[in-house]
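Each chain is listed here by its residues.
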Amino acid sequence: MIAPVVLAALAAAAASAATYNIDTGHSTATFSVRHMMVSNVKGTLGGVTGALDWDPAKPEASRVDATIDVKTIDTRHPKRDADLRGEDFFQVDKYPTMAFKSKRVSKSGGKLLLTGDLTMHGVTREVTLTLEDPPVEVKDPRVGYRLGASATTRINRKDWGLTYNTILEAGGVTIGDEVSITLDIEATRK
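Residues numbered from 1 in each chain as written. Predicted model: local features only at pLDDT ≥ 70, side-chain atom pairs only at ≥ 80, totals over all residues. Heavy atoms only, no water.

> I'd like a rundown of unusual backbone geometry, residues and numbers included.
Positive phi, close to 65°, is recorded for M37, a residue that is not glycine. In this structure, M37 sits in the loop between β2 (28-35) and β3 (39-45). A residue is classified by how much of its surface remains accessible, and M37, at 48% relative accessible area, is partly exposed. If you check the backbone angles, Q91 has positive phi at about 50° while not being a glycine. (Helix = DSSP H or I, 4+ residues; strand = E, 2+ residues; numbered from the N terminus. Buried < 20%, exposed > 50% of the residue type's maximum accessible area, 1.4 Å probe, protein only.)

> So what's going on with the packing of aromatic side chains? Residues and values would help.
Taken as a whole and assessed by the stated rule, the structure comprises one aromatic pair. Ring centres of F89 and Y164 lie 5.2 Å apart, and the angle between their planes is 70°; this geometry places the pair in the edge-to-face category. Residue F89 is located in the loop between α2 (78-85) and β6 (97-108), and its partner Y164 is located in the loop between β10 (144-156) and β11 (175-189); the two are separated by 75 residues in the primary sequence. By relative accessible area, Y164 is classed as partly exposed at 35%. In this arrangement the basic side chain of K139 is found over the ring face of Y145, its NZ or CZ atom lying 5.3 Å from the centre. (Phe/Tyr/Trp six-rings, centres within 6.5 Å; stacked < 30°, edge-to-face > 60°. Lys NZ or Arg CZ within 6 Å of the ring centre and 35° of its normal.)

> Go over the pairing of strand β8 (residues 123-131) with me, naming the residues and quoting the values.
Direction of pairing for strand β7 (residues 111-120) relative to β8: antiparallel, over a ladder of nine bridges. Bridged to L118 within β8 is R125. Note: β8 against β10, two bridges, orientation antiparallel. Looking across to β10, one finds that L131 is bridged to A151. (Pairing = 2+ DSSP bridges.)

Following this line, the structure appears as structure tokens:
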């Protein structure tokens, strides 16, 4: 009879508001952008750090503050990665990180929307991330409790001053303006 009471207490504790540290080793940002109007180039960014507050009973009270190391950009093509880190794109010597700081959480059509400021390449603009599912906490026998979430958004890279491009002979451009972004975050409860 004690087991159900203990399980109920543990479930209640796991479902309460808590602060989490982003687990850099298990968190990434991925992106996709149109290349030469015929395919999509995909890449990843690691070095995701930060913290989040999550309250499953009151999601609108939640917040996220995250930073991404732009030097970790990886498209599986070393020359392109060097170009992306260089003067024509991210200028990582001047802008080594990008950051997201949430301002509000809302619900729409059964999804959670996380709106906040994205600072990239020295420019800050508001973006809205759509969470695929509400964050779920699980017990990790090594570190206590872990929380995971995936979120997506689309941005126009030109809004952040990332304007480099070339015109193709047949018309069109080498690099699309719209960038699809997916964040996969794991975090451990403080």
